[in-house]
Structure formats: C-alpha cells, structure tokens
Amino acid sequence: KRRGPVPGRVGQARKASEALDHSPSNERSGDLMAQMGGVNATGLNGMGGQGMLGAGLGGMGGMGGMGGMGGMLGGDQVTADLLQQQAQLAALGMGNRDDAFGQQGGAMGQGGQPGGQGQLDDQMALQRQMMLQHQNVMALQAGLGGQFDQNQGWGGAAAGASMFDQGGAGAPGIMGAQGIGPQGGSAGSSSMDSQQSAAQQQLNLLQQLQAQQQQQAAEQMIMQQQPAQRQRKAENKDDVGGASGKGLPQSVMKHLPLLEKNNPGGNRLRSYYSLSVDELFCLPSIPTNEEYCSRLPTPINPNLLPRFDLAALQAARFAEIALGALANNQVALALELSNATVLCLRECVEEPVHPSCMFDVARAYLLHGIFRSFRADMVRYFKYRRVCLTHLSQLDNIEGVESLLAAISFHDAWAYMIHNASEAALPDIDNSIPPLPAPHNSEQNGDNSRFSMSTIPSMIASNPVNQMWIQGPPPVFINNEAPALSRSLDALACAIRSCCDQANSRFEGMSGDASGRCDDNCVTPTTAAVMANQNELCSRNMVLSAFTLLQQHEASSSSTNKNHGHHLVISAMDAFLEGGDEEEAGGFTDSQIQSLLSVCNTAVEHPLLLHQGGPTYHMVSNAAILLCHLLNGMHANRNSGDSPGEMETALFEEVLDTFIAVRKLLSIHRRKLPVRLRCHGIPRPNFALEVNGADNPGAPFIDLGETLMCGCRGCQGFVLMACSPCVAAERAQAAALKAESASEKDAYSIGEVNEFDKELCDLGVEFDLDDDALLNVLSRIIAT
C-alpha cells in the first residue's frame, strides 16, 4: 500500500527541529564544537586551518551535526587558499606537518557531534536546516568582510563574530549558540569570555612552541653548515710542525677533559697550581669559553669559537695544570701537559692573535717558560720570556698586564741571583729570538721623570735593559696606578736584585779577582738606580713599602686569600736585612728570631710554597742556615758554664724543633730538583754534644763547614757569615767548582739513573723536539 504524507507531520518535524536547535544541550554542544574547531585551527597558528571556520560556524548554529556540514561549506569556500598555503608550507619544509594538522581539523569539522546526523528523522527538516545554515554562513562571511585570514587564526574569527553580532544580520541560531544575542543572555556572555580567554592562552602557547621550533631548526641548519666551513678552513691552513690542521694530536685530545670545570682531576691540578705558583703571582683567571665569547665586540656562540682562539685558551689552561702536576711531583703527567701547551700554541702561532686573547697567549708563554726553568732549561726560559714580552708590547691599557709584569720581574730576580747578575753567563738568544726594537719616543710616552723610566707596559717590554731580565728601577712599583699587590711584588724583586749586587761586590772584594769585571761593570742598572734614589729604592725601604702595599691590598680586597707567599718573602727579607745584636744569644735580635721562625713555620705548614716562582725556595734555605747560626750561638752559651734560664731553654727547644722540621722539608724538595737549581745541603745537628759536650767544648752544634753550598753568591754569604774573608773566598771558589762539576755529572749521568727516571729523561728529550719546532716558527715570525 502506498502511504502518503500524513497531514501535519512535516510541520511537526519542523517545529521539533526548531525546538531542538534552541535547546540548551545543543547550544552547549555547539559551543564545544566551536572550541574544538578553534583549537584545531590555532594549532596551525592561522595557517591551513580553514576547517576551524566551518567547525566554529557549525557550533554557532547550535547543532553538532550541522557543524560538520558547516565545516564542509567553509572548506569549499577556501579550498584555493588552503592549497596555496600548503604549497608555501611545503617550500618551508613544514607542509607535511601542517597538512596533517589540516586533515585533523577537517575531520573534527566534518565529524561534528557523533551521531548528530542521526538525530534528524525527517529529510525535509534536514534540507531546511542545511539551507538555513548556508544562509548563516553567507551572512557571516559578508559580516567578516575579509577580516579572517591565515595569519590571525582564532583572533580573526573572534573579530568576525563580533562584527557579525554588531551587524545583527538575521542569524538567531548563531547568536544564540554563542550566547551573545538576545537568546544567549548573561550566561552566554560569560561563556564567550571564558572561551575567548582559553583560546587566547592556547594561541600564545602554540605561538611560543612554533617560535622555539623555528629557532631550533635555524640552529640545526647552522650546525649542519658549520662543520663544512671548518673543514674548508682547516684544509686551507698549512700543516705547522706536525700539528695537523684537522685537529689537535691524540696526545692532546686525551688530556682535554682535564680542562673542564667539572673534572675532578683537572680541578685538583689547578688547585696545586693555585697554592704554589699563583699563590704569589695572583694572575687573573683564564676566562671560560662562554666568558670569552661574551667579551668579544660581537658576542658569538661558544660552539662557533674559532679554532685559533680556542687553541690559545687551551694553551694557557694546559700551562697552569702542567705546573700544578709538577708541584704534585707527577713528573710524567707534567711533561705531557707541557707538551700539550706547546702543541696548542703551535695551532695558533701562524695566525694573527686576536686582541681579546693576546693576554692569555702571553700568559701561556710565560708559564711554559717558568715550567722550563723549573727543569733547569734556562735557554728555553729566556726564549719564551722574550716571546711573552713581544705580546706584552701590544697590551697597553689591558687589565692584568701589571700583574704579569710583576710576575716576570720576581722570577727574573731568581734568574738574576743564580747567574750572579752576570750577563756574560747568560745564553745568547738574539739570533733565534731577536730583541724587541727600542722605543723611539720614550721620553714623550709616560716616562717617569723622577726615575727616568717609562711605566707603560709596551715601553717596559721594549726597554733594552729588560730584554734578558728586568733590572733598574722597579717599573711596576713606581706606577701609582698599578694594583697594590703587583707593586708590592715588584718592590720585593728590586730588593732581591739589590742584595745580590751587594753580595757580588763583597765577594769580589774578598777574592781580589778583578779579571772578569772592571770597575765600570761593577755598577749594574739596579745598583745605579738605587744609588741615585737611595731613600726610595734602598733594600730596607723597598721591603717596608712592599709590606705597606700588601696591607693596603688586604684591607681593600674581599678575597679570602691570606697571601702566605707574600708574607713569607717579606718576613725573610726583613730578617736578612736586620743588622742583629751582638749582645743577644747568637747575635740575633728578638724580632729577627721571630721573623726566621715565621718563615720556617710557614714553609712547614704550606710546603707547596717552595714551588713558587722566584727565589722563595732559596730564601727558606737561607732562613734555615740562619737558624743553624742561632742554635750554635745558644749552644755555645749553654756550655760556657752558666746555667740557662727557662726562657733560653724553651727558645732553644723551639728553634731546634723548627729547624729539624724545615730541614727535612728542604731535603725532600732538594732531591727533586736538578743539580743546578739546588740550594744548600744543610748538615744535621750533632746531638752527641749534648751528652759529651765537655769533652769538646769548642765544637759547633751544627757544623756548617759540611754544608753543600749553593752556587749563588748571595746564598753563600749566609753560610760564610761567621768566617774570615780569606776562608770565605776559598770556600766560595770551592763551591763554584763543585757546582760546575755536579752540573756536568747531571748532564751525562742518564745511564746511571733507574729505569723510571730514564724513561722520564727520554720523554723529556722527545718533547724538547716539539719545543724546538715551536721556537723555530716563532723565530721566523718575529724576525720577519
């Protein structure tokens, strides 16, 4: 049977659908679909997200099912734009990802509310609803007026909705769903505000994620291109003395972890360096790669640091920990780290040094030269020292230059002392490393008219009298603008040179040997400066000035460093320069005894101070020799028949305990040094005299005649201070001959040492070849 349309059923279906359109549940589902469409669109940040337009319009219509249809209609309107955007994204390498998001958005818009289409039982009602939805879409597009584009995303849609609401173009379903029309009421307004705020937060988050992704993609592209650039630059660079341009040798690469700040082994070696060499020099710390890159005129990424600058920084770091390993008696490791310093310097020697790392390169050459001097290789020390001066001549008005000059001055004082201030005993290095050219207009470039000397670092470095060692007036001390600690160290260096000149003159007068030096040559530049400025530059006043400057530094500095090295040197010089008191026991004053005990106790408490640069080790040895004289005098007074008091007995025991401790420390340190660098071999006390002293009343408690004297005349004077001039001259000549023969024996006795020492000697000879290669390259560069 045919069944026709039942009268009234179509109208009832239409009324039901209209009621369903305005029901609160469908309004909420429409809002939900609008949010889902908005989220799906903002994921693309307004690119390829036109599915959001359809989904949002479907939600505003009030039905989930109609949201899918609206998405289809919206998609049809912008198909051409979507294809164009996908092409643009594909050109940027991002099309696949955005296309996936676009498909997901289309699915969200077309899917709508599950089962939404099944909720309509009448096809006529569905068709009417589609026609009404199409009208709403057209009205909305007319209201947006082009405001919605691919760069605005959700914000553009919100603006369009606002314009459409203000226009009020006959769309009650849309306005009711959004809650901004008369049907929405106050609840709809609050719902729209919450939706807009949530969408704005999502938009901001997605924009940040997209920016991060773009930045990561750019950095990855740079890192992919950078190795190729480095490879081309390395291939264009000539191979320097075996150090491949493609990277550092394996012997250096295996020690690179020690340069990291979080490496325990590297930090331990750096601590040994800080407690020994740098305890006195107090040089500025080497910047990290990040700090160095931030100081450049145009800051760069540390990963993009040029290879030559990186090699310069690594050379300075290797030089520090090499000295630390040597202070810890890790000789083999110290030699390997020293060789790593040489190889790093060879990596950057052919390229012009960047001004930002010029100071660190100069520091690396100086510290490596000091390392060579600790190995008794004075020829290479003077060569590396001159290379350091070549770099310092370009470092005017740079922070830290004064501290480096003061360190050079103090270590030069040690070289000045062991060579007895004789320039004839110095090696000839002018052919390999030419001296710096003398300044042309030194009188017009910051000269100190009082001392007839310039205080500018470049002028100090190029001064002809400073080419082998710094002498004359102390250049850093007379500069009132230099740091107080650097001025104090330079003042001590000048006092040591002055004392050496006095000792040499005294020995020449005792020996009567004027064949090697005439009267004109007896006056050194230091002696001439002291004689011209007696009140300012005499040894005692220089020590007092150094102590005053040290106190000023400690009062103004917030550092926890106690400057044990400076206090030790000042106390030793104060004890050496004091005249003494003949009425006291042993001929020493109370303050002099206190200074000597302070020097020895400080060395016992901080034995790494013996590894300082300069003559610190010799000063402690001479302080121990003076304690021997003090013990002999006190022991002679005890055996004279007068019973000693409690104070004398306590002082004798205190001095004896200190002497035994410091003698043991000095004996251990002396055995580690090359023969040429050894100071006195101090004899033991004769404790048998305490029991049988009456049998030999004239015998000394410590026989200094058995002392193995140092080859330095300044040190010999402390041993011979109780001898007549003739005996002193004879023993000085005998000590010089013994030191010469010992040096020759040390040079040709490699086969007599044990197997481990022989391996170290072979290793040192092998590494010397790398030093010679570096010095040859430097000689060629400086000469040209």
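How each quantity is defined
Residues numbered from 1 in each chain as written. Predicted model: local features only at pLDDT ≥ 70, side-chain atom pairs only at ≥ 80, totals over all residues. Heavy atoms only, no water. Helix = DSSP H or I, 4+ residues; strand = E, 2+ residues; numbered from the N terminus. Buried < 20%, exposed > 50% of the residue type's maximum accessible area, 1.4 Å probe, protein only. Contact = heavy atoms within 4.5 Å. Salt bridge = Lys/Arg side-chain N within 4 Å of Asp/Glu carboxyl O. Core = buried A, V, L, I, M, F, W, Y, C linked by side-chain atoms within 4.5 Å. Arc of directions from axis to C-beta. Expected span 1.5 Å × (residues − 1). Polar contact = N/O pair within 3.5 Å; in protein donor to acceptor, adjacent residues only side chain to side chain. Lys, Arg positive; Asp, Glu negative; His and termini not counted. Axes fitted to C-alpha atoms, helices over the stretch in contact; angles between N-to-C directions. Parallel < 35°, antiparallel > 145°, perpendicular 65-115°, else oblique. Left-handed = near helix turned anticlockwise from the far one by under 90°. Nonpolar A, V, L, I, M, F, W, Y, C, P; charged D, E, K, R; others polar. Phe/Tyr/Trp six-rings, centres within 6.5 Å; stacked < 30°, edge-to-face > 60°. pLDDT = per-residue confidence, 0-100.

What follows deals with the overall build of the chain. Assigned secondary structure in the chain consists of 32 helices and two strands. Residue burial in the chain is summarised as follows: out of 784 residues, 48% are buried. Put simply, 74% of the contacts in the chain that link residues at least 6 apart link residues at least 24 apart.

This part covers the pattern of salt bridges. Evaluated as defined, the whole model comprises ten salt bridges. The salt bridge partner of arginine 372 is aspartate 768, with a shortest N-O separation of 2.7 Å. With arginine 372 in helix H17 (residues 358-374) and aspartate 768 in helix H32 (residues 755-783), this residue pair connects regions lying 396 residues apart in the sequence. Residue classification places arginine 372 among the buried residues on the basis of a relative accessible area of 7%. Residue aspartate 768 is classed as buried on the basis of its relative accessible area, which comes to 18%. The partner of arginine 386 in a salt bridge is aspartate 430, and the shortest N-O contact between them spans 2.6 Å. Here the residue arginine 386 occupies a position in helix H18 (residues 378-392), and aspartate 430 occupies one in the loop between helix H19 (401-418) and strand E1 (447-448), the gap between them amounting to 44 residues.

Once that is clear, we can look at the nonpolar core. Core analysis: the biggest nonpolar cluster contains 164 residues, and Phe281, Phe318, Tyr365, Leu392, Phe410 and Met573 have the highest contact counts within it. For tyrosine 365, the contacting residues outside a window of four places in its chain are Leu345, Val349, Tyr384, Val387, Cys388, His391, Leu774 and Leu778.

Residues of helix H22 (residues 525-532) that are buried: Thr526, Ala529 and Val530. Seen along its axis, H22 keeps its buried residues to an arc of 100°; they face one direction. Among the exposed residues of H22, those pointing more than 90 degrees away from its buried face are Met531 and Ala532.

What follows covers helix H12 (residues 264-275). Note that an α-helix has 3.6 residues per turn; residues three or four places apart therefore point the same way. An ideal rise of 1.5 Å per residue puts 16 Å on twelve residues; H12 measures up with 16 Å between its terminal C-alpha atoms. Buried within H12 we find Gly266, Leu269, Arg270 and Tyr273. In an axial view of H12, the angular spread of the buried residues amounts to 100°, which keeps them on one side of the axis. Lining the buried residues of H12 we find helix H13 (278-281), helix H15 (307-327), helix H16 (331-348) and H17. By the N-cap criterion, in which a side-chain oxygen at the helix start approaches the backbone nitrogen of a residue two or three places on, H12 is capped by asparagine 263, the distance to glycine 265 being 3.1 Å.

Moving on: the side chain of threonine 602. Looking at the element boundaries, threonine 602 is found in helix H26 (residues 590-605). Under the relative-accessibility criterion, threonine 602 is labelled buried at 15%. Separated by 2.7 Å, the side chain of threonine 602 and the backbone oxygen of serine 598 make a polar contact. If sequence neighbours within four positions are ignored, threonine 602 has contacts with His564, Leu568 and Leu609.

Along the chain, the position of glutamate 320 falls in helix H15. Buried and without a salt bridge, glutamate 320 has arginine 363 as its closest oppositely charged side chain, separated by 4.1 Å. Ignoring sequence-local partners within four residues, the contact set of glutamate 320 consists of Arg270, Tyr273, Ile286, Arg363 and Leu367.

Before going further, it helps to spend a moment on the packing of H26 against helix H27 (residues 616-638). At their nearest, the axes of H26 and H27 sit 10 Å apart, and the two run at 130° to each other. One way to sum up the angle between H26 and H27 is to call them oblique. Where H26 crosses over H27, the two elements pack in a sense that is left-handed. Each of Ile593, Leu596, Leu597, Val599, Cys600 and Ala603 in H26 lies in contact with H27, whose residues at this interface are Val620, Ala623, Ala624, Leu626, Leu627 and Leu630. Each residue belonging to the contact of H26 with H27 can be placed in one class, and the counts come to twelve nonpolar, no polar and no charged.

In this section: the packing of H27 against helix H28 (residues 646-672). One can describe the packing of H27 onto H28 by two numbers: an axis separation of 9 Å at closest approach and a directional angle of 145°. Considering the relative orientation of H27 and H28, their crossing is left-handed. The segment H27 lies against H28, with Tyr617, Val620, Ser621, Ala624, Leu627, Cys628, Leu630, Leu631, Met634, His635 and Arg638 engaging Glu648, Leu651, Phe652, Val655, Leu656, Thr658, Phe659, Val662, Leu666, His669 and Arg670. Residues of the contact of H27 with H28, tallied by class, amount to 15 nonpolar, four polar and three charged.

Looking now at the packing of aromatic side chains. Throughout the structure, instances matching the rule amount to six aromatic pairs. When the centroid spacing of 6.2 Å and the interplanar angle of 25° are considered together, the rings of tyrosine 365 and tyrosine 384 count as stacked. Separated by 19 residues along the polypeptide, tyrosine 365 in helix H17 and tyrosine 384 in helix H18 bring together distant segments of the chain. Note on tyrosine 365: relative accessible area 2%, which makes it buried. Take tyrosine 384: its relative accessible area is 0%, and that puts it in the buried class.

All right, on to the environment of phenylalanine 281 then. Secondary-structure assignment places phenylalanine 281 in helix H13. Taking the C-alpha atoms as reference points, phenylalanine 281 and glutamine 612, separated by 331 residues in sequence, lie 8.6 Å from one another.

Overall, the prediction assigns the chain a mean pLDDT of 74, with 60% of residues at 70 or greater. Throughout residues 91-121 the model reports pLDDT below 50, and contacts reaching past four residues in sequence, or to other chains, amount to 39 contacts. Note that residues 747-753 has pLDDT below 50 and, in this model, four contacts with residues that lie over four places away or in other chains.

One non-glycine residue, alanine 376, adopts positive backbone phi at about 65°. Alanine 376 gets classed as partly exposed once you look at its relative accessible area, which sits at 22%. Positive phi, close to 60°, is recorded for asparagine 397, a residue that is not glycine.

On the secondary structure map, histidine 354 appears in the loop between H16 and H17. Remark: the alpha-carbon pair of histidine 354 and aspartate 309, spanning 45 residues in sequence, is separated by 7.1 Å. Setting aside anything within four residues of it in sequence, one finds histidine 354 in contact with Tyr292, Leu296 and Asp309.

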